[in-house]
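# Descriptive analysis of the structure
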Amino acid sequence: MLERKLNKEEKQAELEKYRSLLLATIDYSFENKESHIKSADYDSIEYFNSLKILIDENFSKGRLIRLKQWFRDLTEMQLETRDYKFNKYLKDKTKYDIDIFKSYNKRINKLIEKGKITSDNQFYDISIMVDQLSQIEPIDKEKNWKVE
């Protein structure tokens, strides 16, 4: 299913939305001191500050697809860890009614209906789901599941 092309005002609104969401995502990482990494070759704070500059550059050049992809990439950890506080943080900080888990679940359901994986992003989504499912203890411990 193809998305319809956005008009100029709609595209600008989407650019502003994803710029806001990305900056809030980076701020969330800054506030989480445990996620800071500093080594001889890498400093997460420097990296995220440089990313803010790139976000502004891509925003000013109208690169919506790139901003959307970065948002997806930067929110992968919150999806994997089911960090629901992050969702609330985004809503409070940006005022956008966004639910990264809803869109993730929607993508997974579409993949299940389609029955095949056709892109790297789809593979990553399924990998996250499989990882999550493999960590869940079965509800019915009386059943003896066996693989043949």
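The structure this text deals with has already been given above.
Scope of this entry: the structure provided in the associated data block. (Residues numbered from 1 in each chain as written. Predicted model: local features only at pLDDT ≥ 70, side-chain atom pairs only at ≥ 80, totals over all residues. Heavy atoms only, no water.)

### Some thoughts on the overall build of the chain
- Counting its regular elements, the chain contains 7 helices and 0 strands.
- The N-to-C order of helical and strand elements in the chain reads α-α-α-α-α-α-α.
- Looking at the chain residue by residue over its 148 residues, the buried ones come to 30%. (Helix = DSSP H or I, 4+ residues; strand = E, 2+ residues; numbered from the N terminus. Buried < 20%, exposed > 50% of the residue type's maximum accessible area, 1.4 Å probe, protein only.)

### A word on the environment of Leu 90
- If you trace the backbone, Leu 90 turns up in helix H5 (residues 84-94).
- On the basis of relative accessibility, which here comes to 0%, the residue Leu 90 falls in the buried class.
- In this structure the C-alpha to C-alpha distance between Leu 90 and Leu 22, which are 68 residues apart in sequence, comes to 9.5 Å.
- In this structure, Leu 90 is in contact with Leu 21, Ala 24, Thr 25, Phe 71, Lys 95, Ile 98 and Ile 100, ignoring residues within four places of it in sequence. (Contact = heavy atoms within 4.5 Å.)

### Brief notes about helix H2 (residues 44-60)
- Look at H2: 24 Å from first C-alpha to last across 17 residues, which is about the 24 Å you get at 1.5 Å a residue.
- Residues Ser 44, Phe 48, Leu 51, Ile 55 and Asn 58 constitute the buried set of H2. Considered in projection along H2, the buried side chains sweep an arc of 75° and stay on one side of the axis. Summarising the geometry of H2, the exposed residues directed more than 90 degrees from the buried face are Glu 46, Ile 53 and Ser 60.
- Summarising the contacts, the buried residues of H2 are in contact with helix H1 (8-31) and helix H3 (64-74).
- Near the N-terminus of H2, the side chain that reaches the backbone nitrogen of Ile 45, with its oxygen 3.0 Å away, is that of Asp 43.
- Two residues or fewer past H2, Gly 62 is found with a positive phi of approximately 75°. (Expected span 1.5 Å × (residues − 1). Arc of directions from axis to C-beta. Polar contact = N/O pair within 3.5 Å; in protein donor to acceptor, adjacent residues only side chain to side chain.)

### Focus: H1
- Here H1 is 24 residues long and its end C-alpha atoms lie 35 Å apart, about the 34 Å a rise of 1.5 Å per residue gives.
- Taken together, the buried positions of H1 are Leu 15, Tyr 18, Leu 21, Leu 22, Leu 23, Ala 24, Thr 25, Ile 26, Asp 27, Tyr 28, Ser 29 and Phe 30.
- In this structure, the buried side of H1 is in contact with H2, H3, helix H4 (76-81) and H5.
- Two or three places before Glu 9, at the start of H1, stands the capping residue Asn 7, its side-chain oxygen 3.0 Å from that residue's backbone nitrogen.

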